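Coordinate analysis (summary)
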Amino acid sequence: MSVTMDTLVSLSKRRGFIFQSSEIYGGTGSCWDYGPLGVELKNNIKRLWWRDFVQSRADMVGIDASILMHPTVWKASGHLDHFTDPMVDCRECKLRFRADQVDERPWTHYCPATKGNKFTIPAGEPCSHCGGRRTLCPDCGKGELTAPRQFNLMFKTFMGPVEEDASITYLRPETAQAMFVNFDNVLQSMRLKLPFGIAQAGRAFRNEITPGNFIFRTREFEQMEIEYFVNPHETVDGRPADEYWHDRWIEDCLAWFRRYGLRKENLQLREHRKDELSHYSKRTVDIDYRFPIGWSELMGIANRTDFDLKQHAQFSGKSLTYFDEERKEHVVPYVIEPSAGVDRALLAFLADGYVEEEVRGEKRVVLRLHVELAPLKVAVLPLLKKREEIVRTAQAIRAELARQWRVVYDDTAAIGRLYRRQDEVGTPYCVTVDVQTVGDSGKGESGDGKVTIRDRDSMEQIRVPIPDLAAVVGELLSGGEWTTAAARYPTAKTS
Ligand code: GAP
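Residues numbered from 1 in each chain as written. Predicted model: local features only at pLDDT ≥ 70, side-chain atom pairs only at ≥ 80, totals over all residues. Heavy atoms only, no water.

Moving on to the overall build of the protein. Of regular secondary structure, the protein possesses 14 helices and 29 strands. Taken over the C-alpha atoms alone, the protein extends approximately 85 × 80 × 55 Å along its principal axes. Sorting the 495 residues of the protein into buried and exposed places 49% on the buried side. Total accessible area computed for the protein in this model is approximately 23800 Å², and 49% of it derives from carbon and sulfur atoms. Charged side chains of the protein number 68 positive and 72 negative; the gap between the two group centres comes to 4 Å. (Helix = DSSP H or I, 4+ residues; strand = E, 2+ residues; numbered from the N terminus. Buried < 20%, exposed > 50% of the residue type's maximum accessible area, 1.4 Å probe, protein only. Areas by Shrake-Rupley, 256 points an atom, 1.4 Å probe, with all protein chains shown as cover. Lys, Arg positive; Asp, Glu negative; His and termini not counted. Charge placed at Lys NZ, Arg CZ, Asp CG, Glu CD.)

What follows is the structure, given as structure tokens:
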């Protein structure tokens, strides 16, 4: 069974992943706030992306550029002229629609064949009574639509105290342009050789006409982008370098999402048709994911050729070339751009991890997140919160583990309930302190000094001596198999 968007929205709110922005004021259109667990998950996604694509590679460096850039950047990049959607307005109810999406929604129809009765007709279909097709506003069913007008998606603002045309600037609609305008700064300061890439993760803003579907399409979102510069005169494995690297990046990005848990059957590549390519692209391939709303773009990998560097060189008057020592010539590198949305990645990981199953006659919701993505790594749970020694031991264990990982302590329910709570947010391991651990000093009984570790996915439990705990947790959180660790310790009764 695949999860619905409503289930994810409700889980996200209930368990502190994602809240509607400014909710107490009625919410802000298509803006979302990440809560205590959401921010951990989001940070983990960005950290892993940075570790795998920047930190661990000799051919990659990173930057963190400002969101407000020189306005000419957007003239040179083509965003001022091309970053538009064709819009139509209803003359009656004044609602605005994307011209190319008007027929993708159900439409309201006052049918002349049934004395003007009102019907809601499925998207793209004719009326089953009169056979008519939609010509008027799909929402009110009465107003005529205007001819399409181009609407720029960039958010406009003013730099400085005077709101005049000369001070107009824009919130960046993509992080990519900062890598192009800093190309020479990075090249010279880091003494790089082609091929190399510049990466950045950060906010982008688009005044989307039809935002929606939770965090899938919003007006403020985060991107993780790489601009990978290659020498267009070189060949790799007998192929032009840009084409070779384009395919390599498609494979690497797909493998990355698979590595952190997205199922193979939920991922597919989609080649852009010639007529849908962006103005700068020679070829673009999307990685699509089977979201609860259906197959949709998770990220895109484009071959942007030398378009951007040439444009910025022309508009700035600065040379943005690379000196090819071998051929003794200046070249304008080609660019391969893997561009991923952080929020869409998070939505895909949530959707893919969500499982409902039956355990001993009861429903269990479990978020099977990869251990490195899980917002909380360990929950420390005292079996009896009224036994001081149990609580003290559990608190000490939490403090010790929290030196390295995100760990929580919870004593607000019975143990079965506490386990379910952690399953639902994807916490891979729970550590329980019980009477056996601490003994009973009143009766002169000493404890065995062992705690129970419970594995989220198998629900198996093992008894581990407290001095071994940090090492076992470390092993499990850094890719160690549960079965390997479990083989070394006695199992405990499951609850
Ligand atoms: N620099 C290229 C670029 O920005 P894009 O396909 O427009 O390309 C790249 O955006 C990625 O950014 C998308 O695949 C998606 O994951 C994310 N993205 C784009 N618009 C978004 C929006 N309105 N809300 C959330 N994510 C968005």
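From this point, the discussion proceeds with the structure in view.
To continue, consider the site of the ligand. Of all residues adjacent to the ligand, which total 19 residues, the nearest are Glu174, Arg206, Thr218, Glu225 and Glu297. Contacts to the ligand include Glu297, whose side-chain N or O atom sits 2.5 Å from an oxygen atom. Gly341 is positioned with one of its backbone polar atoms (N or O) 3.0 Å from an oxygen atom of the ligand. Of all the secondary structure elements, the ones that give two or more residues to the shell around the ligand are strand 12 (220-230), strand 17 (294-305) and strand 20 (334-341). For the shell around the ligand, the element with the highest residue contribution is strand 17, accounting for five residues. (Near = heavy atom within 4 Å. Polar contact = N/O pair within 3.5 Å; in protein donor to acceptor, adjacent residues only side chain to side chain.)

What follows concerns the sheet that holds strand 3 (residues 60-62). The seven strands are arranged 3-11-12-20-17-16-15 in an open sheet whose pairing can be described as mixed. At either margin of the open sheet sits one strand with a lone partner, and together these are strand 3 and strand 15 (267-271). If you compare each strand with its neighbour and ignore which way they point, the axes differ by 25° on average. As paired elements, strand 3 and strand 11 (residues 196-205) share three bridges and run parallel to each other. Paired with Val61 across the bridge in strand 11 is Ile198. The strands touched by helix 9 (residues 342-353) within the sheet are strand 12, strand 16 (283-291), strand 17 and strand 20, with strand 16 carrying the most contacts at an inclination of about 35°. (Pairing = 2+ DSSP bridges. Axes fitted to C-alpha atoms, helices over the stretch in contact; angles between N-to-C directions. Contact = heavy atoms within 4.5 Å.)

Along the chain, the position of Asp423 falls in helix 11 (residues 415-424). If near-sequence neighbours (up to four positions away) are discounted, Asp423 is found in contact with Arg364, Val365, Val366, Leu367, Arg454 and Arg456.

This part covers the sheet that holds strand 4 (residues 84-89). In space, the three strands of this open sheet follow the order 5-4-8, with antiparallel pairing throughout. Across the chains shown, the open sheet's two edge strands, defined by having one partner strand only, are strand 5 (96-98) and strand 8 (149-152). Strand after strand, the sheet turns through a mean of 50° between neighbouring axes, direction not considered. In terms of strand pairing, strand 4 meets strand 8 through four bridges, oriented antiparallel. Note on strand 8: the bridge partner recorded for Pro86 is Gln150.

Another point: the environment of Thr321. Inspection of the secondary structure puts Thr321 in the loop between helix 8 (307-316) and strand 18 (322-324). Each C-alpha atom, one on Thr321 and one on Leu187, is 9.7 Å from the other, the two residues being 134 residues apart in sequence. Ignoring sequence-local partners within four residues, the contact set of Thr321 consists of Phe183, Leu187, His330, Val331 and Val332. Of the polar contacts made by the side chain of Thr321, one reaches the side chain of Ser319; its length is 3.2 Å.

As a further point, take the nonpolar core. Ranked by size, the top nonpolar core spans 58 residues in total, and within it Ile45, Trp249, Trp256, Phe257, Leu298 and Phe349 carry the most contacts. Among the nonpolar cores identified, the runner-up in size contains 30 residues, and Ile63, Trp74, Phe83 and Ile168 belong to it. (Core = buried A, V, L, I, M, F, W, Y, C linked by side-chain atoms within 4.5 Å.)

As a further point, take helix 13 (residues 466-477). In this model, helix 13 (twelve residues) spans 17 Å end to end at C-alpha, consistent with the 16 Å of a helix rising 1.5 Å per residue. Buried within helix 13 are the following residues: Leu469, Val472, Val473, Gly474, Leu476 and Leu477. Elements in contact with the buried residues of helix 13: strand 23 (378-382), helix 10 (388-401), strand 25 (429-433), strand 28 (450-455), strand 29 (461-465) and helix 14 (482-486). (Expected span 1.5 Å × (residues − 1).)

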